[in-house]
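Residue-level listing of the chains:
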Amino acid sequence: MSDICYGTAAAEIYFPPYHFVTDDGKGNQTDFNLVDGGTAAANPALVALSIASRRAAEEDPAFASIKKLNYTGVLLLSLGTGTTRDVDKTYTAEETAGWGAYEWLFHNYPPSPLLQFSNTGGSYMNDYYIATLFHALSADKNYLRIQEYALTGSTTAMDDATEANMNLLVQVGENLLKKPVFEKGPETNEEALKR
């Protein structure tokens, strides 16, 4: 898990790519050379679900508990890296109508508006699709998305690794555990993780 976390956090420009090797216990090794998970999918949970479903369909013994369209044998935990409040209200159509490539890439950089909208939109859509799928297949309790939607100030900076900001981010995480899974639901993220 730590190798996967290092790999998915290897954000270009900020951190170097990450390499590790896995061994399946039978002498088969696989090399991984990874960069930021956001380059493939801002929320890779749908990719993971697709791979698990495909492996189950191919009758891979490691995925035998997953039956076709039966996700009661799947537990999916999706951890977001956070976003700012109301990202969809950051800019107006009138304001951006005259923008060229430079503004879309560098206006109020970092993050670039283009990257911010692409990542946020894709992440929301993946979460919506997966939650809908798990609900339709009577496996609501088997999917948990934990994401902070109201980052502010230095907690939004990808390149602020000061001790003060790290302490703020720890506090954001601890507060997030106390928030309800659903806006008005009785279960907190912490309770859902324990369940």
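Residues numbered from 1 in each chain as written. Predicted model: local features only at pLDDT ≥ 70, side-chain atom pairs only at ≥ 80, totals over all residues. Heavy atoms only, no water.

Draft legend 1. Fine view of helix α5 (residues 113-136). Over its 24 residues, α5 extends 34 Å from the first C-alpha to the last, a length consistent with the 34 Å expected when each residue adds 1.5 Å. Within α5 the residues assigned to the buried category are P113, Q116, T120, S123, N126, D127, I130, L133 and F134. Against the buried residues of α5 lie α2 (45-57), β3 (76-79), α4 (101-106) and β4 (143-146). Just downstream of α5, S138 is the residue with a positive phi angle, here 55 degrees. (Helix = DSSP H or I, 4+ residues; strand = E, 2+ residues; numbered from the N terminus. Expected span 1.5 Å × (residues − 1). Buried < 20%, exposed > 50% of the residue type's maximum accessible area, 1.4 Å probe, protein only. Contact = heavy atoms within 4.5 Å.)

Draft legend 2. Main features of the layout of surface pockets. Taken as a whole, the second largest pocket encloses approximately 790 Å³ of empty space. Contributing elements (two or more residues each) for the lining of the second largest pocket: α5 and β4. At 6 residues, the largest contribution of residues to the lining of the second largest pocket is made by α5. (1 Å grid on protein atoms, 1.4 Å probe; cavity = no way out; pocket = protein on both sides within 12 Å on 5 of 7 lines; lining within 4 Å. Points joined across faces, edges and corners; volume = space filled by probe spheres on them.)

Draft legend 3. Up close: the pattern of salt bridges. Applying the stated criterion across every chain, the model contains 5 salt bridges. A salt bridge links K178 to E190; its shortest N-O distance comes to 2.7 Å. In this pair, K178 sits in helix α6 (residues 163-178) while E190 sits in helix α7 (residues 189-194), placing the two residues 12 residues apart along the sequence. Given the relative accessible area of 53%, K178 is considered exposed. Residues K194 and E190 are paired through a salt bridge, measuring 3.9 Å at the closest nitrogen-oxygen approach. Pair noted here: K194 and E190 are both in helix α7, with a separation of 4 residues, about one helical turn. Here K194 falls in the exposed class, since its relative accessible area comes to 69%. Among the residues examined, E190 registers a relative accessible area of 25% and is labelled partly exposed. (Salt bridge = Lys/Arg side-chain N within 4 Å of Asp/Glu carboxyl O.)

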